[in-house]
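Coordinate inspection notes
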Amino acid sequence: MTDQAAHASGSRSEPEGAAGGRRLTTRETAELLGVKPETVYAYVSRGQLSSVRAPGGRGSTFDAAEVEALVRRTGRREHTPAGNDLVFRTGITLIEQDRYYFRGVDATELAREYGYEEVAEWLWTGELRPGVRFDAPAEALVAARRAVGALPAHSGSTDRLRVAVIAAAAADPLRFDLSPRAVLSSARSLIPTLVGALPVIGGAKPGEDAERNEDAERDEDGTGTLARRLWPRLTARPADPASLAVLDTALVLLIDHDLAASTLAARVAASAHAHPYAVVSAGLGVLEGPLHGAASGLAHRMLTEVVDRGGAAPVVADHLRTGRRMPGLGHPLYTGEDPRGRTLFALLEEVPQAADALAAARDVVSTTARHTPLHANVDLALAVLSVSCGMPAEAGETVFAVSRTAGWIAHALEEYAERPLRMRPSGQYGGPRPPQPLPTPAHGEDHGEHPPR
């Protein structure tokens, strides 16, 4: 059978090479690798495959053993579903029928039963370790506090977290070890380092005797949950058990939410085998966008205005008049209530000082429902917590960033096991077709002589 006939029939051709090994056509090689024929020749040009001209000069053939070895090294590419949507396998979060699950377990039930560190550890390893605590290495914590302390006073919490990640990475000479054991060790130390690097509200400045406030962050057994350690970085008010329970539950609920924009950025970094600190940096960079992490701050400011003005009606009217959408309402992944918001609102009922903010939030929902029925989402619940506990507007974003770090690590662990650099889409060029003339300076803008070549 000729190579051309093999293409027509789809059957395998098996010409023998010099060593007697089975050889594949270009089409067969492309099918085995899950790529286009053009990509097969790209592998050849990069030295990842060798080719031999087929008898008669029609196309090339490839050693089957060499192709199969390449498949084992890189994996077979999965075809993207119709519509060019980005879809990736993940075993972390499932969202369906207005509920969401971590590894098949209802995430809201996990949040009610276990603390943040317990759920994060379980999500990473599959092992539940009751009472597990994450501790920051002294060297990394000192480096992060010094770096954060050098920032301008007006810096936001996400600025501080990004700098803290970089400082912690620089303090970890083993950060390029991407084995699961090493990545988990980095994750367990990075998250408490991020929290410890943030300044205590009303306390010492970052890097200046920051340890003096840490006694208040300890439980009776001498340890402190991450929520307890984070609390004084969010508000100067003392923590009470009910409020701490809300914060710890929020940390669990926000660990992951499928492939949000920041998580996709984290997976792209992991696909390039960036170390876990760089993966978290990628996520934080996207999180700072106004359409992602900043949403809770908008809800905080809106809710504060509702409380100050004594009702939602004038605030809703102002938003509509200026063409602004009401923050804290609705979510594209849920047709009904956001299960994260519903869980937090139930806990906020147990916080006495949250009564006014809760009433304001309900007023917002009922007022907007006259025009468009939208349910409260997790951003509005975070706003109730931050407004009622004297936290700044960016507190919700801080909680989100610290919590989601565990999710980014979970996705990095998944992505490190995939074929490297698989997230390499092709651009659809829409610019001028070549050849085009060289650009010339605009009239009157040639400000100097051209340097000699």
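Our structure is the block above this text.
Residues numbered from 1 in each chain as written. Predicted model: local features only at pLDDT ≥ 70, side-chain atom pairs only at ≥ 80, totals over all residues. Heavy atoms only, no water.

Counting its regular elements, the protein contains 19 helices and six strands. A buried classification covers 46% of the 453 residues belonging to the protein. Looking at the protein alone, contacts between residues at least 24 apart form 70% of all its contacts between residues at least 6 apart. When the accessible surface of the protein is split by element, carbon and sulfur atoms take 53% of a total near 23300 Å². (Helix = DSSP H or I, 4+ residues; strand = E, 2+ residues; numbered from the N terminus. Buried < 20%, exposed > 50% of the residue type's maximum accessible area, 1.4 Å probe, protein only. Contact = heavy atoms within 4.5 Å. Areas by Shrake-Rupley, 256 points an atom, 1.4 Å probe, with all protein chains shown as cover.)

Attention now goes to the pattern of salt bridges. By the definition in use, this model includes 16 salt bridges. As a salt-bridge pair, R22 and E68 come within 3.3 Å of each other at their nearest N and O atoms. Here the residue R22 occupies a position in the loop between α1 (3–9) and β1 (23–25), and E68 occupies one in helix α4 (residues 64–74), the gap between them amounting to 46 residues. The class of E68 is partly exposed, set by a relative accessible area of 32%. The salt bridge involving R309 is made with D318; its shortest N-O contact spans 2.7 Å. With relative accessibility at 28%, the residue D318 sits in the partly exposed group. Salt bridges sharing partners connect three or more residues here, namely R267, E414, E415 and R422. (Salt bridge = Lys/Arg side-chain N within 4 Å of Asp/Glu carboxyl O.)

Here helix α6 (residues 116–125) lies mainly inside the structure; nine of its 10 residues are buried. Backbone geometry just after α6 places G126 at a positive phi near 80°.

Before going further, it helps to examine the side chain of S189. Here S189 shows up in helix α9 (residues 180–197). Apart from residues lying up to four places away in sequence, S189 is in contact with D135, A136, P137 and Y277.

Counted by the stated rule, this structure contains two aromatic pairs. Taking the centre distance of 5.5 Å and the plane angle of 90° together, the rings of Y100 and F102 count as edge-to-face. Note on F102: relative accessible area 0%, which makes it buried. Ring centres of W124 and F134 lie 5.5 Å apart, and the angle between their planes is 15°; this geometry places the pair in the stacked category. Here W124, found in helix α6, pairs with F134, found in the loop between α6 and α7 (138–149); they are 10 residues apart in sequence, far enough to count as distant. Judged by relative accessible area, F134 falls into the buried class, the value being 1%. (Phe/Tyr/Trp six-rings, centres within 6.5 Å; stacked < 30°, edge-to-face > 60°.)

This brings us to the packing of helix α12 (residues 261–271) against helix α13 (residues 276–287). In contact at an axis separation of 8 Å, α12 and α13 are set at 150° when each is read in the N-to-C sense. Looking at the two axes, α12 sits roughly antiparallel to α13. Crossing of α12 over α13 shows right-handed handedness. Across the interface between the two elements, A261, S262, A265, A266, A269 and A270 from α12 touch A278, V279, A282, G283, V286 and L287 from α13. Counted by class, the contact of α12 with α13 contains 10 nonpolar, two polar and no charged residues. (Axes fitted to C-alpha atoms, helices over the stretch in contact; angles between N-to-C directions. Parallel < 35°, antiparallel > 145°, perpendicular 65-115°, else oblique. Left-handed = near helix turned anticlockwise from the far one by under 90°. Nonpolar A, V, L, I, M, F, W, Y, C, P; charged D, E, K, R; others polar.)

A separate point is the nonpolar core. Looking at soluble globular proteins, one finds that nonpolar side chains tend to be buried together. Ranked by size, the top nonpolar core spans 96 residues in total, and within it F102, W124, F345 and V384 carry the most contacts. Considering every element that reaches this core, the biggest residue donor is helix α19 (residues 395–416), with 12 residues. The contacts of F345, once residues within four sequence positions are left out, are L358, A361, A376, N377, L380, A381 and V384. Counting 12 residues, the second-largest nonpolar core is a separate cluster that includes L33, V40, F62 and V71. (Core = buried A, V, L, I, M, F, W, Y, C linked by side-chain atoms within 4.5 Å.)

This next bit is on the environment of S60. Secondary-structure assignment places S60 in strand β3 (residues 60–63). A C-alpha to C-alpha distance of 6.5 Å links S60 and T25, two positions 35 residues apart in sequence. Every residue in contact with S60, bar those within four places of it in the chain, is listed here: L24, T25, T26, Y41, S51, V52, R53 and A54.

Where β1 and β3 come together, three bridges link them in antiparallel fashion. If you follow R23 over to β3, its bridge partner there is D63. (Pairing = 2+ DSSP bridges.)

With that out of the way, let us pick up the sheet that holds β1. Backbone-to-backbone hydrogen bonds join strands into a sheet, with any given pair of strands oriented parallel or antiparallel. The strand order β1-β3-β2 describes an open sheet built from three strands, whose pairing is antiparallel. With one partner strand each, in any of the chains shown, β1 and β2 (51–53) form the two edges of the open sheet. Shown here is a sheet whose adjacent strand axes are inclined to one another by a mean of 40°, direction ignored. Sheet topology note: the β2/β3 ladder contains three bridges and is antiparallel. Each bridged residue has a counterpart across the sheet, and for V52 the counterpart in β3 is T61.

In this section: the environment of A143. Take A143: it is sitting in helix α7. Its relative accessible area of 25% is what places A143 among the partly exposed residues. Once the C-alpha coordinates of A143 and A167 are considered, the two residues, 24 residues apart in sequence, prove to be 5.7 Å apart. If we skip the residues at most four places from it in the chain, A143 touches A167 and A171.

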